[in-house]
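# Architecture and fold: a report
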Amino acid sequence: MDNNNYMNPYLAGFFLGLLLLGTIYITGRGLGASGAIKSVVVTAVETVAPSHTANTKFYKEYSEEHSGSPLKNWLVFEMAGALIGAFFSGLISNRLKFTLEHSPKIKSRTRIAGALIGGTLFGFGAQLGRGCTSGAALSGMAVLSTGGLITMAFIFGGAYAFAYFFRKLWI
Amino acid sequence: MGPLVPEIIGNELNFIVAFLIGIAFGFILEQAGFSTSKKLVGLFYGYDFTVLRVFFTAGITAMLGVIALNHFGLLDVSLIYINPTFLWSAIIGGAIMGLGFVIGGYCPGTSVAGAAIGKIDAMFFILGSAVGVLIFAEGYPVFEGLYKSADWGNVRAFDSLGISQSLFAFLLTFIAVFAFWVTTIIEQKVNGKPNPEFKSKPLYASLAILAILMGLTAFIMPDRKESMMNKINDTGFVKSYTMNSMDSDELAFRLMYDDNKLRIWDLRLKKDYDKLSLPGSHNITMQNLFDNATSKLLYIEGKINIFIAEDELLSKKAGVLASELGLNNVYYLKGGMNEFYSSILNFKCPVLNPNEKLSDTDRFRAEACNAVPQLIKDYKKKHSADSEGNKKSKRALGGC
């Protein structure tokens, strides 16, 4: 893979910032990602065990805050678009390929376990922290939300603090 | 004036907007290289600071944009979603996400970008995220205390620190530019060679200078709101300002003949307004004149807007502010409500002397001092009945 194919990071950041600004101007809210996963999870649980969601506090609070189907949600539409946008980007830059990327020092199995565990922690943390890198940290920074900036500091600070212990996964 | 949702763009159209924004979002993430975990975690081991560059540039761009749009009155920040602050969940949630980042190599948005181009590890990351959400949902009673503790509300960082928005924005911009510079040096040391992407030093030096200059301008430029308020707090300026006025008699006359062109903006305190409010009047504050919701009401064509407050100066101040903000047909109440009280509401009808003819004014006032209080009473009855239906513009909801 040719690294130089990527867009200049400052230019990409500038575009991303303009997109975020446009999103705030049009919709009054920022970008997000983990909320879409939450909507999908809530829908899945509702479909599999409707009586369970009707009796469990989290789902009850969720349906009080969101009217209609959980899938009819701004972030779900946005993330569906993101899948297509990223696919299209991969297509024009010739990066479409099924691969399991990992450091040569670890096995594929280890990488899959890492992705699963990391994803679980991130999914959980994003619920607790009311948003992920996009919804809390980036969008929170744009509107200078105290909570968003604290979450941002702890996502990156936390990652640096733990990085040493997991270095064998990457380098 | 933004935001455009829900007034200009409806909720259904908003989903299409979301989809289009998503396409651009995914495209930019992938083009920036956020679809590979190797590039993402490079940040934490010092070999690739792309994430920091993209993230900080985007955050600073959007932040300065929001400040500028608000500054020029194009975006009403009181209506946009400010992520709420719950101190402990923000700290612990953030740290758990950091741990997840360094083990999993992605974050939710980037994992979607990775999965879209066929990264199998990214797909497992998404699967893991769903499990994480499920654990939180099922264990919610256990985490709820922590989740809802230390609720600071929708506070903004500069208020939490007690400094001005401009200063905070400037500091953040400065930190970002400094971080860009330091991380480029670190990257060079770790990799043992300079990043080929950054050959042209003069270009980056000038970009950095430009960014700092932009930050400085934001710092120096006075806020439109602030400068307006300074202007109208200058009593001399307000006094010498030429504008239409209306005296108590004319106001009473218009009230009695139910002039539907007249719109009354009452700037007295809420408790005084609740005690006595003129028919059809709106109780507002000076601050409200800057709001999206109020200005929508103000700028209705073909109306006469009269501003009333306790005394003449305060009435005129509001009138001047409204005129300066571009409102037409603005009047202020001569003598303020104090005079309205003494010459209309509490008007002592002179003892009628059959030999003496009343002046026109006194005759009118004798009629008005009975009619106007009745109108006020009727209005109060009607108003308290339908005040339930009042609609207010609400802050947008968002977040993850």
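To start, this report covers the structure provided alongside it.

Reading guide: rules and limits
- Residues numbered from 1 in each chain as written.
- Chains lettered and ligands numbered in written order.
- Predicted model: local features only at pLDDT ≥ 70, side-chain atom pairs only at ≥ 80, totals over all residues.
- Heavy atoms only, no water.
- Salt bridge = Lys/Arg side-chain N within 4 Å of Asp/Glu carboxyl O.
- Helix = DSSP H or I, 4+ residues; strand = E, 2+ residues; numbered from the N terminus.
- Buried < 20%, exposed > 50% of the residue type's maximum accessible area, 1.4 Å probe, protein only.
- Contact = heavy atoms within 4.5 Å.
- Buried area = accessible area lost by both parts, 1.4 Å probe.
- Polar contact = N/O pair within 3.5 Å; in protein donor to acceptor, adjacent residues only side chain to side chain.
- Nonpolar A, V, L, I, M, F, W, Y, C, P; charged D, E, K, R; others polar.
- Pairing = 2+ DSSP bridges.
- Axes fitted to C-alpha atoms, helices over the stretch in contact; angles between N-to-C directions.
- 1 Å grid on protein atoms, 1.4 Å probe; cavity = no way out; pocket = protein on both sides within 12 Å on 5 of 7 lines; lining within 4 Å.
- Points joined across faces, edges and corners; volume = space filled by probe spheres on them.

Quick look at the pattern of salt bridges now. Oppositely charged side chains may form a pair once their charged atoms are brought near each other. Counted under the stated rule, the structure contains 14 salt bridges over all chains. A salt bridge links glutamate 61 of chain A to lysine 148 of chain B; the shortest N-O distance between them is 3.2 Å. In this pair, glutamate 61 of chain A is assigned in helix 4 (residues 57-65) and lysine 148 of chain B in helix 7 (residues 140-148), connecting two distinct chains. A residue is classified by how much of its surface remains accessible, and glutamate 61 of chain A, at 17% relative accessible area, is buried. Taking the relative accessible area as the measure of exposure, lysine 148 of chain B reaches 36% and is therefore partly exposed. Of the charged contacts in the structure, one is a salt bridge between lysine 72 of chain A and glutamate 12 of chain B, with a shortest N-O distance of 3.3 Å. With lysine 72 of chain A in the loop between helix 4 and helix 5 (74-92) and glutamate 12 of chain B in helix 1 (residues 11-31), this residue pair bridges two chains. Classification of lysine 72 of chain A as partly exposed rests on a relative accessible area of 44%. Each of the salt bridges in this network shares a partner with another, and the network as a whole consists of Lys57 and Glu61 of chain A together with Glu144 and Lys148 of chain B.

Quick look at the interface of chain B and chain A now. Where the parts come together, the accessible area they lose is often given as the size of the interface. Each partner contributes residues to the interface: chain B has 131 residues there, and chain A has 120 residues. In this assembly, chain B packs against chain A so that about 11,400 Å² is buried in total across both faces, 74% of it on carbon and sulfur atoms. One can count five salt bridges joining chain B with chain A. Connecting chain B to chain A are 44 residue pairs in polar contact (both at pLDDT 80 or more). For the side of chain B that touches chain A, the per-class residue count stands at 87 nonpolar, 32 polar and 12 charged.

Residues and elements named next belong to chain B. One open sheet accounts for five strands, arranged 3-7-6-4-5; its pairing is parallel. At either end of the open sheet lies a strand with only one pairing partner, and these are strand 3 (244-246) and strand 5 (281-283). Taking each pair of neighbouring strands and ignoring which way they run, the sheet shows an average axis angle of 30°. Where strand 3 and strand 7 (residues 330-333) come together, three bridges link them in parallel fashion. Across the sheet, the residue bridging to serine 245 is tyrosine 332, located in strand 7. Running at roughly 170° to strand 7, helix 16 (residues 312-324) makes contact with strand 6 (304-308) and strand 7 of the sheet.

Here we come to empty space enclosed by the protein. Per the counting criterion, the structure on display carries three cavities of 30 Å³ or more. A volume near 140 Å³ is recorded for the largest cavity. Along the walls of the largest cavity sit 15 residues, with Thr133 of chain A together with Leu29, Phe34, Phe55 and Cys107 of chain B positioned nearest its centre. Put simply, the parts of the chain that give the lining of the largest cavity at least two residues each are helix 7 (133-142) of chain A together with helix 1, helix 3 (50-71) and helix 5 (108-116) of chain B. Here the lining of the largest cavity gets three residues from one element, more than from any other, and that element is helix 7 of chain A. Its residues assigned to classes, the lining of the largest cavity comprises 11 nonpolar, four polar and no charged. Here the second largest cavity is characterised by a volume of approximately 80 Å³. Residue lining of the second largest cavity: Gly129, Arg130, Ala136, Gly147, Gly148 and Thr151 of chain A together with Asn83, Pro84, Phe86, Ser89 and Ala90 of chain B, and that is the complete set. Contributions of two or more residues to the lining of the second largest cavity are made by helix 8 (146-163) of chain A together with helix 4 (87-104) of chain B. By residue number, the principal contributor to the lining of the second largest cavity is helix 8 of chain A, which donates three residues. Residue composition of the lining of the second largest cavity, by class: four nonpolar, six polar and one charged.

A few words now on the environment of methionine 228 of chain B. Residues and elements named next belong to chain B. Position of methionine 228 relative to the elements: it lies in helix 11 (residues 224-232). Along the primary structure methionine 228 and leucine 325 are separated by 97 residues, whereas in three dimensions their C-alpha atoms are 8.6 Å apart. Each residue touching methionine 228, except ones within four places of it in the same chain, is listed here: Phe290, Leu321, Glu324 and Leu325.

Our next topic: unusual backbone geometry. In this structure, asparagine 94 of chain A is a non-glycine residue whose phi angle is positive, near 60°. With respect to the secondary-structure elements, asparagine 94 of chain A resides in the loop between helix 5 and helix 6 (108-128). For asparagine 94 of chain A, a relative accessible area of 71% puts it in the exposed group. You will see that alanine 150 of chain B, though not glycine, has its phi angle at about 50°, which is positive. With respect to the element layout, alanine 150 of chain B can be found in the loop between helix 7 and strand 2 (151-153).

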